Amino acid sequence: MSSQNDNQKKIAEIEAIHAEYMAQIKKLRKQQNEIIAEFVKKLEEKKINKIRALLNGIN
Amino acid sequence: MVEKKSAEDTEAGISPEQVEIFAKEKENEITKVGENAVSEGKQEFENAIQAGTKLELKKEEIDQVAEEMQVGKNLQTKQEEIDALTKESKEKISKIVEVQPESAQEEKIAEKVEEQPESIEKKSAEKTETQPKYSEEEARKNWKTLSMEEKMAYCDPKIVSKEMNNDLQLKNSPESKSFSSESFSENSEVVNENIRNLVEGYIGESKISPEYGEKIRKSTEDYINLISKAQKEGSVAENLKAVDIQKISEDIVNKMVYQNRESFKRGLGDHGVRHIIDGNITEAMKMVDEYNKANPEKQLNSLDRLKIMTIHFNHDMGYTVGVNRKGFESTGDHKYFSQKLFEGQEDMYGNLFGEKDLKQIGETIKTHDEAQTDFEKQPFESIVRLSDNMGLFSDSKLPEIFYSVPENMAVLQKIDLARKSGQSIDGLKEKLKENVMKQEGFDEDTRKALINAAEEINKMAPDFNLGMLAGKLDGYEMQGSKMIVNIRESDMHKQIQDLFELNQKQFVKALDSYGIKLDKMETTFDQYVKIDADGTKYVELPMSEGEPALRFNFLPEDLNKKDERNAEVKKKFAETATEWAGINIRAEINSAMKELKESKEARTSENIDSVSFELQAQLDDKKVSAEDREQMSSLISNLKSSLDNEEEFTEKLNQLRKFLTKKEKDFLAVK
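Rules of the game
- Residues numbered from 1 in each chain as written.
- Chains lettered and ligands numbered in written order.
- Predicted model: local features only at pLDDT ≥ 70, side-chain atom pairs only at ≥ 80, totals over all residues.
- Helix = DSSP H or I, 4+ residues; strand = E, 2+ residues; numbered from the N terminus.
- Buried ≥ 20, exposed ≤ 12 C-beta atoms within 10 Å, placed from the backbone.
- Contact = placed C-beta atoms within 7 Å.
- Axes fitted to C-alpha atoms, helices over the stretch in contact; angles between N-to-C directions.
- Parallel < 35°, antiparallel > 145°, perpendicular 65-115°, else oblique.
- Left-handed = near helix turned anticlockwise from the far one by under 90°.
- Nonpolar A, V, L, I, M, F, W, Y, C, P; charged D, E, K, R; others polar.
- Expected span 1.5 Å × (residues − 1).
- Arc of directions from axis to C-beta.
- Pairing = 2+ DSSP bridges.
- Core = buried A, V, L, I, M, F, W, Y, C linked by C-beta atoms within 7 Å.
- Domains from an automatic or database assignment.

What to know about the overall build of chain B
Line of reasoning, step 1. Looking only at helices and strands, chain B features 32 helices and five strands.
Line of reasoning, step 2. In chain B, which comprises 671 residues, the proportion classed as buried is 36%.
Line of reasoning, step 3. The long-range fraction of contacts in chain B, counting pairs at least 24 apart against all pairs at least 6 apart in sequence, stands at 69%.

Put into structure tokens, the structure is as follows:
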């Protein structure tokens, strides 16, 4: 029975580590996506600024 | 699937081999998830570059943006963090399997330990008393490197309780009436009266405002009345003691007053009365009503409602733990702290709830922000999670600092403008504080707390706070095992959307929390939503096998239900925008700099003179003074001396970009 308890505890510990990993990796992936989203946003801004400058030139 | 297997095995008994197989499975899964995360990042970066090309930007221009933002470096750091986390988690699992007693001798040793239960208890007690590894400040810096056990060492229920009691200490003890007998059912009105006295005590000594105090009292009264109802239903014990229920009710009042006070101190997110009572509990109760209407044969009863309320009162208590009072590194783990704090009070709550209920409450506190939704099999948990996730759409989370001082909405707009112009926001933070000092109707504690909150505002505050106003919850309907959530676009949303370029950000965020990643799917919100025969935009989320568990209806603004606050905010926004448009020279500067910034060939002495001439000619005397013109000329002339040094030239160009006129400085409170 003792080793059974021990094994159950180990399974629970492994599950906890796995759950914690999944939670952390979710955050890191989100941060990674945010870096890229910000990059795309800046590229779009650059494009808009180019158009704006062009329009200014026309006006 | 693996989880299911392990749960069954836990009941039946597990062999060491099974532990090893289970560990291997989990290790492999972690490796795969880690690898996917890294390759996904690389792929997304490639996609972003392609998106830049589609925008007809030159390679040099894309590279320049990437370099300015240090995208490559930041991504690499993130990927290193992913690798480190993957490695660390696998090592932790290996370590558990390594100490697996394999030989018969080890089994015997293990059995000996089994024969001395007190030694196990002692060991487990020692485990929970792990000392914090670092100071709180250091711990925040190293939070990601700490194991869960090490993290939990920062949450000591005794300290939290002591800090709460100190904060809530009253000079005059509220009147407490004696009970006529031990029985709660004979004394429920006395409990209500004593709770009313306690709340009045807090209001009287300015621990909480009368408005919020009344909400806490009413919610606690609902809770006490639900206990009486549950007794009549037979879902809680008949012989509850009045003194026990009073203690639980006092605990709820104390936690609500305390969380509200703590929440005032933070600029990001509101975890006080508006979030917990006006938001989560109100929405959850509406969901229970709808669920019960559609499921008369398996209704959630008063005990379930009590448990849901208990979860919501306790679910964010983890934010009050010392290490979470500053910074944001550790706040994501608040739910584990909240669970630990609740479990530390199981003796008290055990006087109302059974063991199974207590376990369910603790577990659901821990998983309150997860996406898993299944109204067929887990209606209780699904309602808790959905009501918390929907916080985005009730304005219940709008931080106090902006909500309480309307003038600060304009400051928030200026923070956004300052951010876009690359300026410091320190002066605006001071402005926030001044506004708080001027505003009438705050007690001293609230004022102090708001001043603290102003300190915490960062440049991302506009995104964070205004995004929360995207839409409003507008009722629920249950169809079979599918919950329909109506989200109505708020009239404030449109102006905020235009002003802060938020688009459908919050809707996208809501979908994201349910695993639908539009950016990865290379689609926009408007492309993703479906439209039914009535023209209603909707999204269905298949959370379990078979039918979808959730459907979000995105309804247009209801013209008959205007929010009174909006007129004032709209006026304020418009005034600020007009004022800024009348004084700022951002467009002129950016346009003048454009050629010098983008083309290296254009960086000649003659061109710089011509840029200077053109800029001065373009600028309106209403916007710039003679002194401003002089300073600008000097900045442009400085460029000439750096023509041979590209790095220096870029830096000086940046100085020109950030140049503010006297009027702009005054507007953005830049010294």
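Details of the overall build of chain A
Line of reasoning, step 1. Within chain A one finds one helix and zero strands.
Line of reasoning, step 2. The burial tally for chain A puts 29% of its 59 residues in the buried class.

Digging into the packing of helix 10 (residues 188-204) of chain B against helix 11 (residues 210-233) of chain B
Residues and elements named next belong to chain B.
Line of reasoning, step 1. It is the contact of helix 10 with helix 11, at a shortest axis distance of 10 Å, that shows an interaxial angle of 165 degrees. The pairing of helix 10 with helix 11 is recorded here as roughly antiparallel in orientation. The element helix 10 and its partner helix 11 pack so that their crossing is right-handed. Two secondary-structure elements touch here, helix 10 through Ser188, Val191, Asn192, Ile195, Arg196, Val199, Tyr202 and Ile203 and helix 11 through Pro210, Gly213, Ile216, Arg217, Thr220, Glu221, Ile224 and Ser228.
Line of reasoning, step 2. The residue inventory of the contact of helix 10 with helix 11, partitioned by class, reads eight nonpolar, five polar and three charged.

Considering helix 30 (residues 626-640) of chain B
All names here are of chain B.
Line of reasoning, step 1. A rise of 1.5 Å per residue sets the reference length of helix 30, with its 15 residues, at 21 Å; its end C-alpha atoms lie 22 Å apart and thus fit the reference within 8%.
Line of reasoning, step 2. Those residues of helix 30 not exposed but buried are Asp628, Met632, Ile636 and Leu639. In a view along the axis of helix 30, the buried residues occupy a sector of 65 degrees, so they form one face of it. Exposed positions of helix 30 whose direction lies more than 90 degrees from the buried face are Ala626, Glu627, Glu630 and Ser634.
Line of reasoning, step 3. Elements in contact with the buried residues of helix 30: helix 29 (605-618), helix 31 (646-658) and helix 32 (662-667).

Structural notes on the interface of chain A and chain B
Line of reasoning, step 1. Tallying the contact residues gives 39 residues for chain A and 50 residues for chain B.
Line of reasoning, step 2. Class assignment of the residues belonging to the side of chain A that touches chain B gives a composition of 15 nonpolar, 12 polar and 12 charged.

Remarks on the pairing of strand 2 (residues 482-489) of chain B
Residue and element names in this part refer to chain B.
Line of reasoning, step 1. Judged by which residues are buried, strand 2 turns out to be one-sided: Met483, Val485, Ile487 and Glu489 face inward and are buried, whereas Lys482, Ile484, Asn486 and Arg488, on the alternate face, are not.
Line of reasoning, step 2. One ladder, built from six bridges, connects strand 2 with strand 5 (residues 550-555); its direction is parallel. Within strand 5, the residue paired with valine 485 across the bridge is phenylalanine 552.

What about the nonpolar core?
Residue and element names in this part refer to chain B.
Line of reasoning, step 1. Membership of the largest hydrophobic core comes to 72 residues, with the highest contact counts inside it found for Ile216 and Ile245.
Line of reasoning, step 2. Taken domain by domain, this core gets at least three of its residues from each of domain 2 (157-264 + 316-367) and domain 3 (468-565).
Line of reasoning, step 3. When near neighbours in sequence (up to four residues on either side) are disregarded, isoleucine 216 contacts Val199, Ile208, Val253, Met256, Val257, Val273 and Ile277.
Line of reasoning, step 4. Of all hydrophobic cores here, the second largest spans 16 residues; its members include Phe22, Val38, Ile82 and Leu85.

Description of helix 18 (residues 379-389) of chain B
Line of reasoning, step 1. When you tally the buried positions in helix 18 of chain B, you get 10 out of 11 residues, the bulk of the element.
Line of reasoning, step 2. For helix 18 of chain B, the set of buried residues is Pro379, Glu381, Ser382, Ile383, Val384, Arg385, Leu386, Ser387, Asp388 and Asn389 of chain B.

Observations concerning the pairing of strand 5 of chain B
All names here are of chain B.
Line of reasoning, step 1. Here strand 5 shows a buried face lined by Leu550, Phe552 and Phe554 and an unburied face lined by Arg551, Asn553 and Leu555.
Line of reasoning, step 2. Taken together, the five bridges between strand 4 (residues 537-541) and strand 5 define a ladder with antiparallel strand orientation. Along strand 5, the bridge assignment pairs valine 539 with phenylalanine 552.

Some remarks on unusual backbone geometry
Residue and element names in this part refer to chain B.
Line of reasoning, step 1. Its identity is not glycine, yet glutamate 56 carries a phi of approximately 65 degrees, on the positive side.
Line of reasoning, step 2. Summarising the element assignment, glutamate 56 is placed in the loop between helix 2 (16-54) and helix 3 (59-69).
Line of reasoning, step 3. The phi dihedral of alanine 669 is positive, around 55 degrees, even though this residue is not glycine.
Line of reasoning, step 4. Position of alanine 669 among the secondary structure elements: in the segment after helix 32.
Line of reasoning, step 5. When the 21 C-beta atoms within 10 Å are taken as the criterion, alanine 669 is described as buried.

Details of the environment of lysine 87 of chain B
Line of reasoning, step 1. Tracing the sequence through the fold places lysine 87 of chain B in helix 4 (residues 71-98).
Line of reasoning, step 2. The exposure class assigned to lysine 87 of chain B is partly exposed, which follows from the 13 C-beta atoms found within 10 Å.

Describing the packing of helix 20 (residues 407-420) of chain B against helix 21 (residues 426-438) of chain B
When two helices pack together, their arrangement is given by the angle between the helix axes and the distance between those axes.
Residue and element names in this part refer to chain B.
Line of reasoning, step 1. Closest axis-to-axis distance for the helix 20/helix 21 pair is 10 Å, and the angle between their directions is 180 degrees. Put simply, helix 20 runs roughly antiparallel to helix 21. Touching Glu407, Asn408, Val411, Lys414, Ile415 and Ala418 of helix 20 are Leu428, Lys431, Leu432 and Asn435, all from helix 21.
Line of reasoning, step 2. Of the residues belonging to the contact of helix 20 with helix 21, the class tally is five nonpolar, two polar and three charged.

Digging into the environment of asparagine 33 of chain A
Line of reasoning, step 1. In this fold, asparagine 33 of chain A is placed in helix 1 (residues 2-58).
Line of reasoning, step 2. On the neighbour-count criterion, asparagine 33 of chain A (18 C-beta atoms within 10 Å) is partly exposed.
Line of reasoning, step 3. Ignoring sequence-local partners within four residues, the contact set of asparagine 33 of chain A consists of Glu44 and Asp519 of chain B.

Regarding the environment of lysine 307 of chain B
Residue and element names in this part refer to chain B.
Line of reasoning, step 1. Mapped onto the secondary structure, lysine 307 falls in helix 14 (residues 302-314).
Line of reasoning, step 2. Exposure remark for lysine 307: the 20 C-beta atoms within 10 Å place this residue in the buried category.
Line of reasoning, step 3. Between the C-alpha atoms of lysine 307 and glutamine 360, which are 53 residues apart in sequence, the distance is 8.6 Å.
Line of reasoning, step 4. Setting aside its immediate chain neighbours within four residues, lysine 307 contacts Asp357, Gln360 and Ile361.

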